[in-house]
Amino acid sequence: MCNDADTQYLALLNEVLNKGYYDNNRTGIPTKKIFGKLMEFDLQKEFPILTTKFVSFKTLLKELFWIYVYQSNDVRLLQNMGVKVWNEWMREDFTIGKAYGYQVKKYRQIDKLIEGLKSDPQSRRHLMTLWNLEDLDDMVLQPCALQTIWDVSDGKLNCTLIQRSGDLGLGVCFNTAQYALLVHMIAQVTNLQVGYFKHYINNVHLYENHFEPIKEQLNRNPYNAPQLWINPEIRDFYDFTVDDFKLLNYRSHPSIKMEVAI
């Protein structure tokens, strides 16, 4: 079947390029932006990762582990896994301050989510947030993908990711696949099936220096969606390792080089 991730993502690229509001921002690189967009994926049908450009499954998996399994803010841990995506934001103490994994660990957010889903699946309070007002000033980069809200319906685990700011050229496709993967992980250890994953982005933007590379991507035809394999023997969230995941039959167009705005 075709890849719904590409279908929705390419439509969003077109909309931002053709209808986006053009202005400057804190990075000094102008953007086109639109307000308030939602993508929706049925995780029973496909794993939402792009095929119109290569997206590194291993990189997004390792960063996800860094935040939610290892619950770390130490960039050296990522570097030891061969991941460099946080190098530009690393402080002299080798951390990113009290951001991301620090907030997960500080409030035992994964543990409380899993306990809540098991003991009271119909609660309307299944939520994790990385946006802690108390610690915002001590974060090198305040979280973009800042909150997840969870729901259980008919034995299926649903999740909405709320993202305040989405770099459409580089970050959004990474975040979509990453948090869809987290839904699969949480579902497996709570004995639920995966359901819907909804990705809401408040400020969807394209940097000016990404316009031409994006036009190249828009001329590519998607391949069929790949399949996600997870080791079915893992029943404790903290027993997962990066070797317990495989992306099967992933065929993609080549990667597209774009610079990160700092």
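Residues numbered from 1 in each chain as written. Predicted model: local features only at pLDDT ≥ 70, side-chain atom pairs only at ≥ 80, totals over all residues. Heavy atoms only, no water.

With that out of the way, let us pick up the packing of aromatic side chains. Pairs of aromatic rings are described using the distance from one ring centre to the other and the angle between the two planes. Summed over the entire model, instances satisfying the criterion amount to 12 aromatic pairs. Judged by centre distance (5.9 Å) and plane angle (85 degrees), the ring pair of Phe-65 and Phe-245 falls under edge-to-face. Of the two residues, Phe-65 sits in helix α2 (residues 57-69) while Phe-245 sits in strand β8 (residues 245-248), which places them 180 residues apart along the sequence. Look at Phe-65 and you get buried, because its relative accessible area is 0%. Relative to Tyr-238, the ring of Phe-237 lies with its centre 5.5 Å away and its plane at 90 degrees, an arrangement referred to as edge-to-face. A relative accessible area of 2% means that Phe-237 is categorised as buried. The ring of Phe-211 has Lys-32 lying over it, and the distance from NZ or CZ to the ring centre is 5.7 Å. Between the NZ or CZ atom of Lys-246 and the centre of the ring of Trp-229, over which it lies, the distance is 5.3 Å. (Phe/Tyr/Trp six-rings, centres within 6.5 Å; stacked < 30°, edge-to-face > 60°. Helix = DSSP H or I, 4+ residues; strand = E, 2+ residues; numbered from the N terminus. Buried < 20%, exposed > 50% of the residue type's maximum accessible area, 1.4 Å probe, protein only. Lys NZ or Arg CZ within 6 Å of the ring centre and 35° of its normal.)

Further remarks concern the side chain of His-199. Topologically, His-199 is positioned in strand β6 (residues 193-207). Classification of His-199 as buried rests on a relative accessible area of 0%. Engagement of the side chain of His-199 in a polar contact is seen with the side chain of Gln-163, the distance being 2.7 Å. One polar contact links His-199 to Thr-176, side chain to side chain, over a distance of 2.7 Å. The contacts of His-199, once residues within four sequence positions are left out, are Lys-37, Leu-38, Met-39, Leu-161, Gln-163, Val-172, Asn-175 and Thr-176. (Polar contact = N/O pair within 3.5 Å; in protein donor to acceptor, adjacent residues only side chain to side chain. Contact = heavy atoms within 4.5 Å.)

Moving on to the pairing of β6. Direction of pairing for strand β2 (residues 31-42) relative to β6: antiparallel, over a ladder of 11 bridges. The residue bridging Phe-41 from the neighbouring strand is Phe-197, located in β6. Alignment of strand β5 (residues 156-167) against β6, held across 10 bridges, turns out to be parallel. Its bridge partner being in β6, Ile-162 is matched across the sheet by Tyr-200. (Pairing = 2+ DSSP bridges.)

Another aspect to go through is the pairing of strand β4 (residues 145-153). Along any regular strand the residues' side chains alternate between the sheet's two faces. As paired elements, strand β3 (residues 127-129) and β4 share three bridges and run antiparallel to each other. Across the sheet, Met-128 pairs through a bridge with Thr-148, a residue of β4. As paired strands, β4 and β5 are joined by eight bridges and run antiparallel to one another. Note that in β5 the partner of Ile-149 across the bridge is Thr-160. Hairpin connection of β4 to β5: two residues between the antiparallel strands, including Asp-154 at a positive phi of 55 degrees.

The pairing of strands in a sheet comes from backbone hydrogen bonds and takes either a parallel or an antiparallel form. Pairing is mixed in the open sheet, where six strands are placed in the order β1-β2-β6-β5-β4-β3. Bordering the open sheet on either side are β1 (21-23) and β3, each of which pairs with just one other strand. Recorded for the sheet is a direction-independent mean angle of 20 degrees between the axes of neighbouring strands. The sheet contact formed by β1 and β2 spans three bridges and is antiparallel. Residue Tyr-22 lies in a different strand from β2, and its bridge partner there is Lys-32. The strands that helix α1 (residues 4-19) touches are β1, β2 and β6; relative to β2, the one it contacts most, it runs at about 160 degrees. (Axes fitted to C-alpha atoms, helices over the stretch in contact; angles between N-to-C directions.)

A few words on α1. With 16 residues, α1 extends 22 Å from end C-alpha to end C-alpha; this agrees with the ideal 22 Å at 1.5 Å per step. Listed as buried for α1 are Ala-5, Asp-6, Gln-8, Tyr-9, Leu-10, Leu-12, Leu-13, Val-16 and Leu-17. Tucked into the core, α1 has its buried residues touching β2, α6 (171-189), β6 and α7 (211-218). Where α1 begins, the capping side chain belongs to Asn-3, and its oxygen is found 2.9 Å from the backbone nitrogen of Ala-5. (Expected span 1.5 Å × (residues − 1).)

Our focus in this paragraph is the nonpolar core. General note: in soluble globular proteins, nonpolar side chains tend to be found buried as a group. With 81 residues, the main nonpolar core has Phe-57, Tyr-68, Leu-181, Ile-186 and Phe-237 as its most contacted residues. Counting residues per element, this core draws most heavily on α6, which supplies 13 residues. (Core = buried A, V, L, I, M, F, W, Y, C linked by side-chain atoms within 4.5 Å.)

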